[in-house]
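Spelled out, the chains give:
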Amino acid sequence: MLRFDNVGLRYGVGPEVLRDLNFSIAPQSFQFLTGPSGAGKTTMLKLMLLSLKPTRGTIHIFGEDAAALSKNQITALRRRIGVVFQDFRLLDHLTTYENVALPLRVMGRDEAGYRAEVVELLRWVGLGDQMNTLPPVLSGGEKQRAAIARALIVRPELLLADEPTGNVDPSLARRLLRLFVELHKSGTAVVIATHDLSLMDQFGYARRLVVGDRQLRVFEGEPA
Amino acid sequence: MNDAAPTIPADSQLKRDMPLVPADSIAGRALVVVIAILTFLACLTAGGAILVAEASQSWRGDVSRDVTIQIKPRAGEDADALVAAAAEIASRAPGVADATAYSKAQSEAILAPWLGDGVDLGQLPIPRLIVVHMQPSHREDLEPLRAALAAGAPAASLDDHRLWLSRLDVMAGAIVVFAAALFALMIVAMGTAVGFATRGAMAGAREIVEVLHFVGAADSYIAGQFQRHFLRLGFEGAGIGGGGAAFFFAVAALASLIARRTAAGAEIAALFGAFRLDLSGYAAIAVVAGAIAMLTGALSRRIVFRQLSLLH
C-alpha cells in the first residue's frame with residue numbers, strides 16, 4: 001500500500017532531516033509512529049500524504065511511484081487517504097456538519113445522499129448537538145473529534161492521524177481508539193503518530209515505527 | 001457507529017452549503033466598490049460614444065441630403081438671370097429632387113447676423129445661393145449635376161459639403177476611438193484590481209486551499225469555488241455601476257428635455273440630439289456590465305489556477 005525506499009528529506013541546502021527511510025505499510029495493518037517531540041513524526045506523515053516531496057529515494061503509494069504522479073492523480077489518491085491533523089485544520093467559517101462532510105462535498109456528491117451518513121458519524125463521536133456550531137466555539141476535544149470524523153467519513157483505505165487523542169480525556173481517548181480499531185478491522189490501514197506510551201501499550205500487537213536521530217526503526221508488534 | 005437514533009435533520013435544521021471561500025471580507029467589499037466605479041465609468045464611456053455616433057449619423061444624413069450652388073455676381077452681369085438659369089439647369093439634372101433659389105433679400109438676411117445692422121448689404125457682392133435637395137438614391141452621384149452646371153452656367157460653383165462631412169467623420173471617429181481607448185484602460189485597471197484581490201483572497205484563504213487539497217479537492221474544484229465567489233462580487237459591483245450609469249442617462253435625458261428651452265440647452269441638443277439613449281443603448285450598458293462581471297469571474301479562475309500550480 002505504501003512503501004518508502006531509501007527516502008531522504010532536506011530543506012533547501014541544509015542537512016537531511018530524515019534519511020534512509022525504508023519501510024512499508026501493508027493493507028489492513030495497524031501501527032504507531034512514535035518518537036520524541038521534534039523527531040519528525042509530522043514530517044513523516046506529510047511525506048506519506050505526498051504533501052512533501054522527498055529529496056532522494058522513492059515512495060510508492062497504492063502501487064504507484066509518487067514521483068511520476070500528476071496533480072490530478074495525487075488528488076485522486078488523497079481521496080483514498082483520511083488524515084487527522086494535530087492542529088485539526090477545521091475551516092472556521094463552516095459548521096461542524098459542513099466540515100465533516102467536506103471530503104464528500106469536494107467529490108461532487110449530492111448533499112441529500114450523504115446527510116444521514118454524516119449525521120450518524122457526528123452523533124457517534126458525540127457531536128450530535130454541535131452540528132450547526134462553528135469550530136471557534138468548539139472545545140479542543142470537540143474540534144479533535146470533528147477532525148477525526150472528517151477523516152473517517154470517506155472510509156479511507158489508509159488513515160494517518162497525528163496525535164489524535166492529545167486533547168481529549170482518557171475515556172474519550174479510549175472511545176476514539178476503539179473507532180480506529182473498528183476501522184482497522186473493516187480493512188483500513190491505520191498509522192497513528194503519538195508519543196503516548198500508555199496508549200501504545202494498550203495495543204501490543206501494533207507495529208511501532210520509531211523516528212529518532214533522523215532515521216526510522218521498525219518494531220513488529222506482538223502476535224495478537 | 002450504529003447506536004444513534006436514525007433521525008435525519010430536515011433542511012431547515014441544518015446549516016449547509018456555505019461557500020467554501022468566505023463571502024464577506026473587507027477586501028471583497030473594496031473590490032465591489034472598485035468594480036462598481038469602473039463599470040459606471042465604462043458604461044458612461046460606452047453610452048457617450050453611442051450618443052456621439054448616433055448624433056454624427058444624424059448630422060451626416062442632414063448634410064449629405066443637400067448640396068449648394070453658389071453664384072458670385074460679377075460687374076455687368078444680371079445675377080437674378082444667372083440664378084434663375086442655374087436653378088432651371090439644376091432642377092432638370094438627373095438625381096435632383098428640387099432646387100430652391102434664395103432671393104437677394106434672403107441671401108442678405110443670411111449674412112445679416114454676422115455683419116450687423118449698420119451695413120448696407122446692397123453695396124456688397126453677396127453670393128447668391130441655390131439649395132438643391134438630392135433624391136435619396138443619388139446622394140453620392142453629383143457628377144451629372146456638376147456637368148450640367150459647367151455646360152449651362154459656368155459662373156456657378158457646386159458645394160457638396162464633403163469637407164464638412166469628412167471633418168464630422170474625423171471628429172466622430174476620434175471620439176469613438178478615444179472612448180474605446182478609455183474603455184480598454186478601464187478594463188485593464190479592473191483586471192489589475194481583480195488580480196490583486198484574487199491573490200489577496202488566496203493568501204487569506206491559504207489554509208482553506210491546503211485543507212481542500214488534503215481532502216482530495218482538484219485544482220479545478222478550488223478554482224471553481226473562487227470563480228463563484230468573484231463572479232458574485234463582479235455581478236454585485238457591475239450591477240451597481242451599470243444601474244448607476246443607466247440612471248445617469250435617464251436623468252440626463254430628462255434634464256436635456258427640460259433644458260432644451262434655454263439657449264445652452266438648444267446648443268447641446270444640436271450637438272447630441274436629445275441626449276437620450278434608446279433601448280439599444282441601455283442594452284449596451286447591460287451587456288457591458290454583464291461582460292465585466294463575467295470577466296471578473298473568468299479572470300479570478302485563471303489567476304487561481306496559476307497560483308495553485310505554483311503551490312506544487
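Quantities reported herein were computed from a predicted structural model and do not represent experimental measurements.

### Describing the overall build of chain A
Now for step 1: On a plain count of helices and strands, chain A comes out with 7 helices and 10 strands.
Now for step 2: Taking 17 Å as the expected radius of gyration for a compact globule of 224 residues, we find that chain A reaches 17 Å, a close match to that expectation.
Now for step 3: Principal axes of the C-alpha set define a box for chain A whose edges measure 45 × 40 × 35 Å.
Now for step 4: Across the 224 residues of chain A, 42% fall into the buried class.
Now for step 5: A separation of at least 24 residues holds for 67% of the contacts in chain A among residues at least 6 apart in sequence.

### Topic: the domain arrangement of chain B
Now for step 1: Domain annotation for chain B reports domain 1 (22–61 + 165–310) and domain 2 (73–154).
Now for step 2: For domain 1 of chain B and domain 2 of chain B, the distance between their C-alpha centroids amounts to 51 Å.

### Re unusual backbone geometry
Residues and elements named next belong to chain A.
Now for step 1: Of note, Asp 20 is a non-glycine position whose phi angle comes to about 50 degrees, a positive value.
Now for step 2: Following the sequence through the fold, Asp 20 ends up in strand 2 (residues 16–25).
Now for step 3: One non-glycine residue, Arg 89, lies in positive phi territory at about 55 degrees.
Now for step 4: We classify Arg 89 as partly exposed; it has 19 C-beta atoms within 10 Å.

### Some points on the domain arrangement of chain A
Residues and elements named next belong to chain A.
Now for step 1: Domain parsing of chain A yields domain 1 (23–53 + 61–80 + 156–224) and domain 2 (90–154).
Now for step 2: Here the C-alpha centroids of domain 1 and domain 2 sit 22 Å apart.
Now for step 3: Opposite the 10 residues of domain 1 that make contact, domain 2 presents 8 residues.
Now for step 4: Elements with a minimum of two residues in the side of domain 1 that touches domain 2: strand 7 (158–162) and helix 6 (170–185).
Now for step 5: Examining the composition of the side of domain 1 that touches domain 2, we find that 3 residues originate from one element, helix 6, more than from any other.
Now for step 6: Along the lines of polarity and charge, the residues of the side of domain 1 that touches domain 2 split into 8 nonpolar, 1 polar and 1 charged.

### Concerning the confidence of the model for chain B
All names here are of chain B.
Now for step 1: Summarising the model, chain B shows a mean pLDDT of 83, and 92% of its residues fall at 70 or more.
Now for step 2: Within the model, the stretch residues 1–5 combines pLDDT values under 50 with 8 contacts to residues more than four positions away or in other chains.
Now for step 3: Scored by ipTM, the complex comes to 0.87, with pTM at 0.72.

### Details of the sheet that holds strand 6 (residues 81–84) of chain A
Residue and element names in this part refer to chain A.
Now for step 1: In space, the 6 strands of this open sheet follow the order 6-7-8-3-9-10, with mixed pairing throughout. Sheet topology places strand 6 and strand 10 (215–219) at the edges, where each strand pairs with a single neighbour. Taken pair by pair, the neighbouring strands of this sheet meet at an average axis angle of 15 degrees, ignoring direction.
Now for step 2: For strand 7 and strand 8 (residues 189–193), the ladder comprises 5 bridges, and the chain directions are parallel. Pairing of Asp 162 across the sheet is with Ala 193, part of strand 8.

Calculation notes
- Residues numbered from 1 in each chain as written.
- Chains lettered and ligands numbered in written order.
- Predicted model: local features only at pLDDT ≥ 70, side-chain atom pairs only at ≥ 80, totals over all residues.
- Helix = DSSP H or I, 4+ residues; strand = E, 2+ residues; numbered from the N terminus.
- Rg over C-alpha atoms; globule rule 2.2 N^0.38 Å.
- Buried ≥ 20, exposed ≤ 12 C-beta atoms within 10 Å, placed from the backbone.
- Contact = placed C-beta atoms within 7 Å.
- Domains from an automatic or database assignment.
- Nonpolar A, V, L, I, M, F, W, Y, C, P; charged D, E, K, R; others polar.
- pLDDT = per-residue confidence, 0-100.
- Pairing = 2+ DSSP bridges.
- Axes fitted to C-alpha atoms, helices over the stretch in contact; angles between N-to-C directions.

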